[in-house]
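Listed below, chain by chain, are the residues.
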Amino acid sequence: MRAKLRILAWALGLLALAHPTLASIALDVLGIAVAMAAATVVGVVGWTLANISFTLTAASVLLLLRAFPGVPRWFCHSWVASVAAIAPEKA
């Protein structure tokens, strides 16, 4: 992977030397793309921290589902049984 990045960097450097007017445009576009990626990461981290209870609940559900793989099937069966006990015509 590192060798491919080195080749890409050399190719881009040679293109920048060959076409200096396009290099500034390319760097502007690259800068905007990096800024947008950074803004996305900051937004996701901010949302996660603002909704920490939801994030922790989702994480605990995922851990429980991983630890007990039969629980979703059991939960569905118990849900149907409880609906059948309360309202048999809807089950």
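Draft legend 1. Molecular detail of the overall build of the chain. Summing up its helical and strand segments, the chain has 4 helices and 0 strands in all. Traced from its N-terminal end to its C-terminal end, the chain shows the element sequence α-α-α-α. Counting only C-alpha atoms, the chain reaches 80 × 30 × 25 Å along its principal axes. Here the chain, with 91 residues, has 2% of them falling under the buried criterion. Summed over its atoms, the accessible surface of the chain is roughly 8,100 Å², and 78% of this surface lies on carbon and sulfur atoms.

Draft legend 2. Broad picture of a nonpolar patch on the surface. A cluster of nonpolar side chains, namely Val61, Leu62, Leu64, Leu65, Phe68, Val71, Trp74, Phe75, Trp79 and Val80, defines an oily patch on the protein surface of about 1,100 Å² accessible area. Among the secondary structure elements, those contributing two or more residues to the nonpolar patch are helix 3 (52-67) and helix 4 (71-86). Top contributing element to the nonpolar patch by residue count: helix 4, with 5 residues. Position of Val71 among the secondary structure elements: in helix 4.

Draft legend 3. Region of interest: the packing of aromatic side chains. What the rule picks out here adds up to 1 aromatic pair. Measuring from centroid to centroid gives 5.9 Å for Trp47 and Phe54, while their planes differ by 80°, and the two rings are edge-to-face.

Draft legend 4. Summary view of the environment of Leu65. Looking at the element boundaries, Leu65 is found in helix 3. Among the residues examined, Leu65 registers a relative accessible area of 38% and is labelled partly exposed. Separated by 32 residues in the primary sequence, Leu65 and Ala33 have C-alpha atoms spaced 37 Å apart.

Scoring rules and cut-offs
Residues numbered from 1 in each chain as written. Predicted model: local features only at pLDDT ≥ 70, side-chain atom pairs only at ≥ 80, totals over all residues. Heavy atoms only, no water. Helix = DSSP H or I, 4+ residues; strand = E, 2+ residues; numbered from the N terminus. Buried < 20%, exposed > 50% of the residue type's maximum accessible area, 1.4 Å probe, protein only. Areas by Shrake-Rupley, 256 points an atom, 1.4 Å probe, with all protein chains shown as cover. Patch = residues over 30% accessible without salt bridge, like charges linked within 9 Å, V, L, I, M, F, W, Y side chains within 5 Å. Salt bridge = Lys/Arg side-chain N within 4 Å of Asp/Glu carboxyl O. Phe/Tyr/Trp six-rings, centres within 6.5 Å; stacked < 30°, edge-to-face > 60°.

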